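Each chain is listed here by its residues.
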Amino acid sequence: MALSSLIPSRVKLIDVGPRDGLQNEKAPVPAEVKIELVQRLQDAGLKEIEVTSFVSPKWVPQMGDNAEVMAGVRRAPGVLYSVLTPNMKGFEAAVASRPDEIVVFGAASEAFSQKNINCSIAESIERFAPVVEAALAAGIKVRGAMSCTVGCPYEGDIAPEKVGELARLMKNIGVQRVDVADTIGVGTPRKVQAAIEATLRHYDIDHVSGHFHDTYGQAVSNTLAALEMGVWNYQSSVAGLGGCPYAKGATGNVSTEDVVFLLQGMGIDTGIDLDKLVDAGKYISDFLGRKPNSRVATAILNKRAG
Ligand SMILES: CC(C)(COP(=O)([O-])OP(=O)([O-])OC[C@H]1O[C@@H](n2cnc3c(N)ncnc32)[C@H](O)[C@@H]1OP(=O)([O-])[O-])[C@@H](O)C(=O)NCCC(=O)NCCSC(=O)C[C@@](C)(O)CC(=O)[O-]
């Protein structure tokens, strides 16, 4: 059977490893290591990198060096550097570090919203609205992350209608594009497609990205399912780093290496040098004292070792 004609010919990957990946590490990762990771990602051809978050250091201590990391990044032309900002306090701190894009982050699950950002979905939108307005007025792009679009660690299955409703609320306050995140990696292709379909009622295909955690090993399949719908923006994490501190047991995002291998094998352009990407993943994995959480990186490193 032929694959969908909607499959894009090029895909943009947003590496969220420095933020989504490292936020969950218990031991401090020095700012210079984070800065070097960003450098290696851009050298490998990544055009979008989620660098850090301006959240409370009491909630997520690992991101407490946000300003230092942003100041240390040697920016390359044509690369977009984004940061998370949950409220005006975070935005005001972030703006000094000149992000190209800020990310407000909400959830399709009430319980997750409470655990992650200490407020209801409705309250979160009220908090995001002035952030979005201020960012757009300052010429900064705005993305909205939508967590728990398939399942929630506290509420279980999440109905696509809840995802659609969150997308509608994000659109109403001016969020320019949104991520459909499977925070705990319980999604399977049809469920992920239903969440994307609900989002597409409010955003066009160019403004929707896939963000799939790989907890149950479904993220590459889910990426293919989203590709079949024409989605061409994805978040992934070099070396499969990470997890969310408020989603116990969830592993990292799908590794960027695995997604690039999939896309290259399908003849889809990413502009990414897989060998350099594997080196970036090895760099951070060596620092963390473990192997990259990526089948593709492992295969390439084994092959290199002969
Ligand atoms: C949102 C808050 C701040 C609310 O936290 P709160 O405690 O409700 O906030 P508050 O307004 O009551 O303030 C309490 C204290 O926090 C300070 N504060 C308040 N805001 C900030 C700020 N921006 N930066 C620094 N400090 C801040 C504030 O100044 C005050 O300090 P105190 O007077 O006690 O010394 C908190 O819940 C928080 O920081 N949560 C962060 C959670 C987080 O980062 N989670 C991970 C990212 S989301 C994710 O990973 C999922 C995603 C995006 O990848 C997609 C997916 O896979 O699902």
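Note that the structure is a prediction, hence the values are computed from the model and not measured.

### Quick look at the packing of aromatic side chains
Alright, step 1. All told, the structure shown has 2 aromatic pairs when counted by the stated rule.
Alright, step 2. Look at F212 and Y234: their rings are 6.5 Å apart centre to centre, the planes differ by 55°, and that puts the pair in the tilted class. One end of the pair, F212, is in strand 9 (residues 208–212); the other, Y234, is in strand 10 (residues 233–236), and 22 residues separate them in sequence. Take F212 and Y234: they sit in the same class, and that class is buried.
Alright, step 3. The cationic tip of K115 hangs over the ring face of Y154; the distance from NZ or CZ to the ring centre is 5.2 Å.
Alright, step 4. Across the ring face of Y203, the terminal group of K171 is positioned such that the distance to the ring centre comes to 4.7 Å.

### Some details on the pairing of strand 9
Alright, step 1. The element strand 9 is extensively covered by neighbouring structure, given that 5 of its 5 residues are classed as buried.
Alright, step 2. Burial of the side chains of strand 9 extends over both faces: V208, G210 and F212 are buried on one face and S209 and H211 on the other.
Alright, step 3. In this sheet, strand 9 lies alongside strand 8 (residues 177–182) in parallel orientation, the contact comprising 5 bridges. When the sheet's bridge partners are listed, V180 is paired in strand 9 with G210.
Alright, step 4. For the handedness criterion, the β-α-β arrangement of strand 8, helix 8 (residues 189–199) and strand 9 is classed as right-handed.

### Overview of the confidence of the model for the protein chain
Alright, step 1. Chain-level pLDDT for the protein chain is 96 on average; 98% of the residues reach the 70-or-more range.
Alright, step 2. For this predicted complex, the interface confidence comes out at an ipTM of 0.98, alongside a pTM of 0.97.

### Topic: helix 6 (residues 121–137)
The α-helix advances 3.6 residues per turn, and as a result positions three or four apart in sequence lie on the same side.
Alright, step 1. Taking 1.5 Å as the rise per residue, helix 6 with 17 residues should run 24 Å; its terminal C-alpha atoms sit 24 Å apart, in good agreement.
Alright, step 2. For helix 6, the principal kink sits at F128 and spans about 25°; a proline, P130, occurs within the next four residues.
Alright, step 3. Of the positions making up helix 6, those classed as buried are I121, S124, I125, F128, V131, V132 and A135.
Alright, step 4. Contacts from the buried residues of helix 6 go to helix 4 (88–95), strand 4 (101–107), helix 5 (110–117), strand 5 (141–147) and helix 7 (160–172).

### Here's the deal with the pairing of strand 8
Alright, step 1. Of all 6 residues that make up strand 8, 6 are buried, and the element is covered over most of its length.
Alright, step 2. Here strand 5 runs beside strand 8; their pairing, made up of 4 bridges, is parallel. From the neighbouring strand, M146 faces strand 8, where its bridge partner is V180.

Rules of the game
- Residues numbered from 1 in each chain as written.
- Predicted model: local features only at pLDDT ≥ 70, side-chain atom pairs only at ≥ 80, totals over all residues.
- Heavy atoms only, no water.
- Phe/Tyr/Trp six-rings, centres within 6.5 Å; stacked < 30°, edge-to-face > 60°.
- Helix = DSSP H or I, 4+ residues; strand = E, 2+ residues; numbered from the N terminus.
- Buried < 20%, exposed > 50% of the residue type's maximum accessible area, 1.4 Å probe, protein only.
- Lys NZ or Arg CZ within 6 Å of the ring centre and 35° of its normal.
- Pairing = 2+ DSSP bridges.
- Right-handed = clockwise from strand over helix to strand, strands pointing away.
- pLDDT = per-residue confidence, 0-100.
- Expected span 1.5 Å × (residues − 1).
- Bend = angle between axes of the 7 residues up to and from the residue.
- Contact = heavy atoms within 4.5 Å.

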